[in-house]
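Below, each chain spelled out in residue letters.
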Amino acid sequence: MKKIKIIIFICFMILLTGCSVESNVVMNEYGKVKENVIISEELSNLSTNEKRAETILKSTLNKYKVALDSREYSYDTKIENDKGVVKFTNNYNNIMDYFEGTVFSQYVYRQMKWTETDEYYEISNVSEHITYCEDCSDWPALPDIKVNITLPVSAAEQDADEVNGTTYTWIFNKDTPASKTFYLKINKNNLKERKNVVKKKKRQKKALSLISRILIVLMFLGILMLIIKYLIKKYKENKIEY
C-alpha cells in the first residue's frame, strides 16, 4: 500500500513494540470532523532519562515532518505519568475526508472502505483485523488500541464494543481475533435535521442576546434620564433658594 502509515514508522523507528493508541474522532453538527490521536509508551521502553526519551520522540517526528505537514497534522510530544506521549490532531470537512486523509486508518485493518450515498455514510473493513504478533517483523506489535467515534446523532447501524450516548468505541488488544469487524452507518437525513436544530437554537440564542442588549441599553437610558431629571430638579431648587 502506498499510503503513508506514520504510526508504523514511529513504532518501528523507536522500537515501540508495546505502544498503546487511542484515536478520538469527533463529528460536529455540521459534519466537520476533528481527529485526535494519542500514542503512548512506557518511559522505561524509551530511555531511563526523561529528557532523552522526549528527544527520541521529537527526533522521530522530525523524520516525518514533511509527511505530517503535507496532511496538515498538528503534533506534540511530552512525558507524563511515566509515559512518552505523542499527540496528533487534524481537521476534516466530513467523515469521508477523514477516512481518506487520515494517516492512522490502517493500524487495525490493512484495508477499509467508505462509501457515500444520498442517504448514508457507510464505513466498514475489507480485510481481516491485524492480530497482535509480538515477533512479527512486518507490523508493529500494538497490544492496546481504542477507536472512539463521536457523532452528533445516533448511528443508523454499528458494531461497536462500547456505546456511550453517541460515542462509539472499538477496542483491539492481544486477544482480538482476525474475524473482528468494524461497521458504522450514519443517516445523512438525521445529520441534516440535527444541523437545522442547532442552527435554529443559535438563531434563537442570537435573537435573545440582541433583545437582552437592547433591554440593557433601554434600562441604562431610562436610568440616565431619571438621573438627569433629578439633577435638573435639584438645580432648579438650589437656584430658587439662591
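That block above? That's the structure.
Residues numbered from 1 in each chain as written. Predicted model: local features only at pLDDT ≥ 70, side-chain atom pairs only at ≥ 80, totals over all residues. Heavy atoms only, no water.

Here we look at the sheet that holds strand β9 (residues 162-164)
Right, on to step 1. In spatial order, the strands read β3-β4-β2-β1-β7-β10-β9; together these seven strands make up an open sheet with mixed pairing. In this open sheet, the two strands that pair with only one neighbour each are β3 (74-80) and β9. Neighbouring strand axes in the sheet, compared pairwise and without regard to direction, differ in orientation by 15° on average.
Right, on to step 2. Both strand β1 (residues 20-27) and strand β7 (residues 144-150) contribute to a ladder of seven bridges, which runs parallel. Each bridged residue has a counterpart across the sheet, and for E22 the counterpart in β7 is K146.
Right, on to step 3. On top of the sheet, helix α2 (residues 50-63) reaches β3 and β4 (83-92); it is set at about 165° to β3, its chief contact. (Pairing = 2+ DSSP bridges. Helix = DSSP H or I, 4+ residues; strand = E, 2+ residues; numbered from the N terminus. Axes fitted to C-alpha atoms, helices over the stretch in contact; angles between N-to-C directions. Contact = heavy atoms within 4.5 Å.)

Quick notes on the packing of aromatic side chains
Right, on to step 1. For the structure shown, the criterion picks out six aromatic pairs.
Right, on to step 2. Measuring from centroid to centroid gives 5.9 Å for F99 and W114, while their planes differ by 25°, and the two rings are stacked. In this pair, F99 sits in helix α4 (residues 95-101) while W114 sits in strand β5 (residues 112-116), placing the two residues 15 residues apart along the sequence.
Right, on to step 3. Aromatic side chains Y109 and F172 sit 5.8 Å apart centroid to centroid with 85° between the ring planes, which places their arrangement in the edge-to-face category. Of this pair, Y109 sits in the loop between α4 and β5 while F172 sits in strand β10 (residues 167-173), and the two are 63 residues apart along the sequence.
Right, on to step 4. Note on F172: relative accessible area 1%, which makes it buried.
Right, on to step 5. Following the ring pairs from residue to residue traces out a cluster consisting of Y92, Y98, F99 and W114.
Right, on to step 6. Across the ring face of F172, the terminal group of K180 is positioned such that the distance to the ring centre comes to 5.3 Å. (Phe/Tyr/Trp six-rings, centres within 6.5 Å; stacked < 30°, edge-to-face > 60°. Buried < 20%, exposed > 50% of the residue type's maximum accessible area, 1.4 Å probe, protein only. Lys NZ or Arg CZ within 6 Å of the ring centre and 35° of its normal.)

Quick word on the pattern of salt bridges
Once their charged atoms are close, side chains differing in charge can pair, the charge on each being opposite to the other.
Right, on to step 1. Applying the stated rule across the entire model yields four salt bridges.
Right, on to step 2. Between R194 and E29 there is a salt bridge, and its shortest N-O distance comes to 3.7 Å. On the criterion of sequence distance, the pair formed by R194 in helix α5 (residues 188-241) and E29 in the loop between β1 and β2 (33-42) is long-range, its members being 165 residues apart.
Right, on to step 3. The residue K185 makes a salt bridge to E157 at a minimum N-O spacing of 3.7 Å. Remark: E157 occurs in strand β8 (residues 157-158) and K185 occurs in strand β11 (residues 183-187); sequence separation between them is 28 residues.
Right, on to step 4. Of the residues examined, E157 reaches a relative accessible area of 39% and is grouped as partly exposed. (Salt bridge = Lys/Arg side-chain N within 4 Å of Asp/Glu carboxyl O.)

What about the sheet that holds strand β6 (residues 120-125)?
Right, on to step 1. With antiparallel pairing, four strands are arranged side by side in an open sheet as β5-β6-β11-β8. Two strands lie at the open edges of the sheet, namely β5 and β8, each paired on one side alone.
Right, on to step 2. Where β5 meets β6, five bridges bridge the pair, whose relative direction is antiparallel. Bridge pairing in β6 links W114 to I123.

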